[in-house]
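If you want the building blocks of each chain, they are given just below.
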Amino acid sequence: MSPDQLEHTTPDAAAIKDLIGCPHCDALYVVRLPEHGGRAVCTHCHTVLIAPRKKAGKKMIALTLTVMILVIAAMFFPFIDINASGFGNSTSILDAASSFRSGYMVFLSVLVAAAILFVPLLRTILTLYVLVPVVRDRPPLPHARRAFRWSQELKPWAMAEIFAIGCAVALVKVQDLAHVGLGPAFWMFAALVVLVLINDNFLCTWSVWKSLELEED
Amino acid sequence: MACRRCSRVWPMGQARCDRCGSKLVSRDTRSLQKVWAWWIAGVIAYIPANIYPMLVTNTLVYRSENTIVGGAVEVAHHGAYGVAAIILIASVLIPVGKFLAIAFLAITAQRGTSVTPRARTHLFEIVEFIGRWSMIDVFVVAILSSLVQLSVVASIRPGPAALTFAISVICTMLSAQSFDSRLIWDAVSRQQPRKTP
């Protein structure tokens, strides 16, 4: 289940730089790189610590660029359209986000727009900013560490995939009220969700931190 | 002392991680306080979220106001049991389960328990992963109220519960994030010295 488990150690047994501390349970290990595709897992609580992938950097940049284009495109194309008794309406993601216009609901509008558009978009920009120099063997751009930390901290607040499932629920809810069709943006969003998941799977945060550190030394 | 963001290890007493710049604390002593503060805020916001209507539907013949549970029941009446189940799970089962799980973790981190730390770490990971999915109901309301605007035939407007529900979800997410999962393991190393392989 857990290939390449790391060895337990005492803190002074190895140089402090070669140690890795499990962020979940604080157990200390000496870093031993697993093979490509393998994973180093904390024996204590089974958190995945290191999971390097072959050519992960290039793949991630490609995927991130795709995500970026999809987010921007999905913003403007119609998302869903609806027809009932001669009245029709189509809505884009921006419309959906700005649907809480009245009074105190504006707060909710800002929140939804941030969760489904701006946070995912910001994360792609930050990821590119950090990864492109690393992959091209150039020194990292200024504040690359801060950028990467932010992109990690924003991770739980990017909710594009949840929005996509929400669409499916919304469709079923109105289908007896009116005829509903899916616009191009819906399919872009569906692709986007899959890409974001693959992308997060590729990312080994430890490797990125390590390379940021090496570059600056 | 390890950095919780990038897992780099530093000697005791260092204030900030040189690699990623996050603040270093051996144990977040105020962690549980923060957890409880957000937790209480989340529970308080969850109460009006269930009492007030989430959706206000106007059609030619009727006007209906749906609460979260009411909406799920109505969908089930239409025969869409799968969707009703998704709504109920996402907006009732998960939030309530989260409240209980976080409370359980916070209490047992202080008092100790017979449940193994590994099981509790798993529980914590599940809570962190699943918390975001509660937002699904807010998004459904957003989509519906922007989509269904067909002048007199039918229109849907968001109700006040949408706001309080979103606040509740955010508070519980923050509550889970401020929980220091290392507290789960501290009790173990206090009872028995760490085993060497």
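Rules used throughout
- Residues numbered from 1 in each chain as written.
- Chains lettered and ligands numbered in written order.
- Predicted model: local features only at pLDDT ≥ 70, side-chain atom pairs only at ≥ 80, totals over all residues.
- Heavy atoms only, no water.
- Core = buried A, V, L, I, M, F, W, Y, C linked by side-chain atoms within 4.5 Å.
- Buried < 20%, exposed > 50% of the residue type's maximum accessible area, 1.4 Å probe, protein only.
- Helix = DSSP H or I, 4+ residues; strand = E, 2+ residues; numbered from the N terminus.
- Domains from an automatic or database assignment.
- Axes fitted to C-alpha atoms, helices over the stretch in contact; angles between N-to-C directions.
- Parallel < 35°, antiparallel > 145°, perpendicular 65-115°, else oblique.
- Contact = heavy atoms within 4.5 Å.
- Nonpolar A, V, L, I, M, F, W, Y, C, P; charged D, E, K, R; others polar.
- UniProt positions renumbered as here; feature names shortened; annotations may be inferred.
- Patch = residues over 30% accessible without salt bridge, like charges linked within 9 Å, V, L, I, M, F, W, Y side chains within 5 Å.
- Areas by Shrake-Rupley, 256 points an atom, 1.4 Å probe, with all protein chains shown as cover.
- Salt bridge = Lys/Arg side-chain N within 4 Å of Asp/Glu carboxyl O.
- Pairing = 2+ DSSP bridges.
- pLDDT = per-residue confidence, 0-100.
- Polar contact = N/O pair within 3.5 Å; in protein donor to acceptor, adjacent residues only side chain to side chain.
- Left-handed = near helix turned anticlockwise from the far one by under 90°.
- Phe/Tyr/Trp six-rings, centres within 6.5 Å; stacked < 30°, edge-to-face > 60°.

Visitor: Lay out the nonpolar core in plain terms, naming residues and giving numbers.
Guide: Core analysis: the largest hydrophobic core is formed by 125 residues, its most contacted members being Phe79, Phe163 and Phe189 of chain A together with Phe139 of chain B. It is helix α3 (residues 106-135) of chain A that provides the largest number of residues to this core, a total of 14 residues. Residues lining this core come from more than one domain, with at least three contributed by each of domain 1 (11-50) and domain 2 (56-216) of chain A.

Visitor: Residues and numbers for the packing of α3 of chain A against helix α5 (residues 136-147) of chain B, please.
Guide: Axis separation between α3 of chain A and α5 of chain B bottoms out at 11 Å; the angle between their running directions is 110°. The angle between the axes of α3 of chain A and α5 of chain B places the two elements in the roughly perpendicular class. Contact residues: α3 of chain A offers Leu108, Val112, Ala115 and Ile116 of chain A, while α5 of chain B offers Val138, Phe139 and Ala142 of chain B. Considered class by class, the residues forming the contact of α3 of chain A with α5 of chain B number seven nonpolar, no polar and no charged.

Visitor: So, the UniProt feature "transmembrane region" (unreviewed entry) in chain A: which residues are in play, and what are the values?
Guide: Per the UniProt record, the feature "transmembrane region" (unreviewed entry) sits at residues 60-80, 104-135 and 186-209 of chain A. In this annotation, residues 60-80 of chain A is assigned 81% helix and 14% strand; the end-to-end C-alpha distance for the span is 30 Å.

Visitor: I'd like to hear about a nonpolar patch on the surface, residue by residue, with values.
Guide: Taken together, Ile72, Phe76, Leu94 and Phe118 of chain A make up a surface patch of nonpolar side chains, about 390 Å² in accessible area. Relative to the assigned elements, Leu94 of chain A resides in helix α2 (residues 93-97).

Visitor: With reference to specific residues and values, describe the pairing of strand β2 (residues 63-66) of chain B.
Guide: Residue and element names in this part refer to chain B. Only one face of β2 is covered, namely the one carrying Ser64 and Asn66; the face carrying Arg63 and Glu65 has none of its residues buried. Where strand β1 (residues 55-59) lies against β2, four bridges are found, and the strand directions are antiparallel. The partner of Val56 across the bridge, within β2, is Glu65. Taken together, β1 and the strand that follows it, β2, pair antiparallel across an intervening segment of three residues.

Visitor: Tell me about the environment of Val127 of chain B, and please be specific about residues and values.
Guide: Residue and element names in this part refer to chain B. Among the secondary structure elements, Val127 is positioned in helix α4 (residues 117-130). Overall, Val127 belongs to the buried group, its relative accessible area being 4%. C-alpha of Val127 to C-alpha of Lys98: the two residues are 29 residues apart in sequence and 6.2 Å apart in space. Excluding residues within four positions of it along the chain, Val127 makes contact with Lys98, Ala101, Ile102 and Ala176.

Visitor: Before we move on, can you summarise the confidence of the model for chain A with the specific residues and values?
Guide: Scored by pLDDT, chain A comes out at a mean of 73, with 77% of its residues at no less than 70. With pLDDT under 50 throughout, residues 1-6 of chain A is counted as low confidence; its partners more than four residues away or in other chains account for 22 contacts.

Visitor: For the UniProt feature "transmembrane region" (unreviewed entry) in chain B, give the residues involved together with the corresponding values.
Guide: Residues and elements named next belong to chain B. Taking the numbering used here, the UniProt-annotated feature "transmembrane region" (unreviewed entry) corresponds to residues 36-55, 83-109, 130-156 and 162-185. Along residues 36-55, the helical share is 80% and the strand share 5%, with 30 Å between the first and last C-alpha atoms. The straight-line gap between the two end C-alpha atoms of residues 83-109 is 37 Å; of that span, 100% is helix and 0% is strand.

Visitor: A description of the side chain of Ser178 of chain B should follow, citing residues and the corresponding values.
Guide: Residue and element names in this part refer to chain B. Residue placement: Ser178 occurs in helix α6 (residues 160-178). In this structure Ser178 comes out as buried when scored by relative accessible area, which is 13%. A polar contact of 3.1 Å, which involves the side chain of Ser178, links it to the backbone oxygen of Ser175. Ser178 has contacts with Ser31, Lys34, Val35 and Trp38, leaving out every residue within four places of it along the chain.

Visitor: Before we move on, can you summarise the packing of helix α2 (residues 68-77) of chain B against helix α3 (residues 81-111) of chain B with the specific residues and values?
Guide: Residues and elements named next belong to chain B. For the pair α2 and α3, interaxial distance at closest approach is 8 Å and the crossing angle is 165°. Put simply, α2 runs roughly antiparallel to α3. Relative to α3, α2 is oriented so that their crossing is left-handed. Contact with α2, carried on its side by Ile68, Val69, Ala72, Val75 and Ala76, involves Tyr81, Val83, Ala84, Ile87, Leu88, Ser91 and Val92 of α3 and no other residues of that element. Class assignment of the residues belonging to the contact of α2 with α3 gives a composition of 11 nonpolar, one polar and no charged.

Visitor: Provide a residue-level description of the environment of Phe118 of chain A, including the pertinent values.
Guide: Mapping Phe118 of chain A onto the fold places it in helix α3. Separated by 46 residues in the primary sequence, Phe118 of chain A and Ile72 of chain A have C-alpha atoms spaced 9.8 Å apart.

Visitor: With reference to specific residues and values, describe the side chain of Ser134 of chain B.
Guide: Among the secondary structure elements, Ser134 of chain B is positioned in the loop between α4 and α5. With near-sequence residues (within four places) excluded, Ser134 of chain B lies in contact with Ala90, Ile94, Pro95, Phe165 and Val169 of chain B.

Visitor: Tell me about the packing of aromatic side chains, residues and numbers included.
Guide: Residues and elements named next belong to chain B. One pass over the structure, following the stated rule, counts six aromatic pairs over all chains. Taking 6.2 Å as the distance between ring centres and 85° as the angle between the ring planes, the aromatic pair formed by Trp39 and Phe99 counts as edge-to-face. Here Trp39, found in helix α1 (residues 31-51), pairs with Phe99, found in helix α3; they are 60 residues apart in sequence, far enough to count as distant. With a relative accessible area of 19%, Trp39 lands in the buried category. Looking at Phe99, the relative accessible area reads 7%, which means it is buried.

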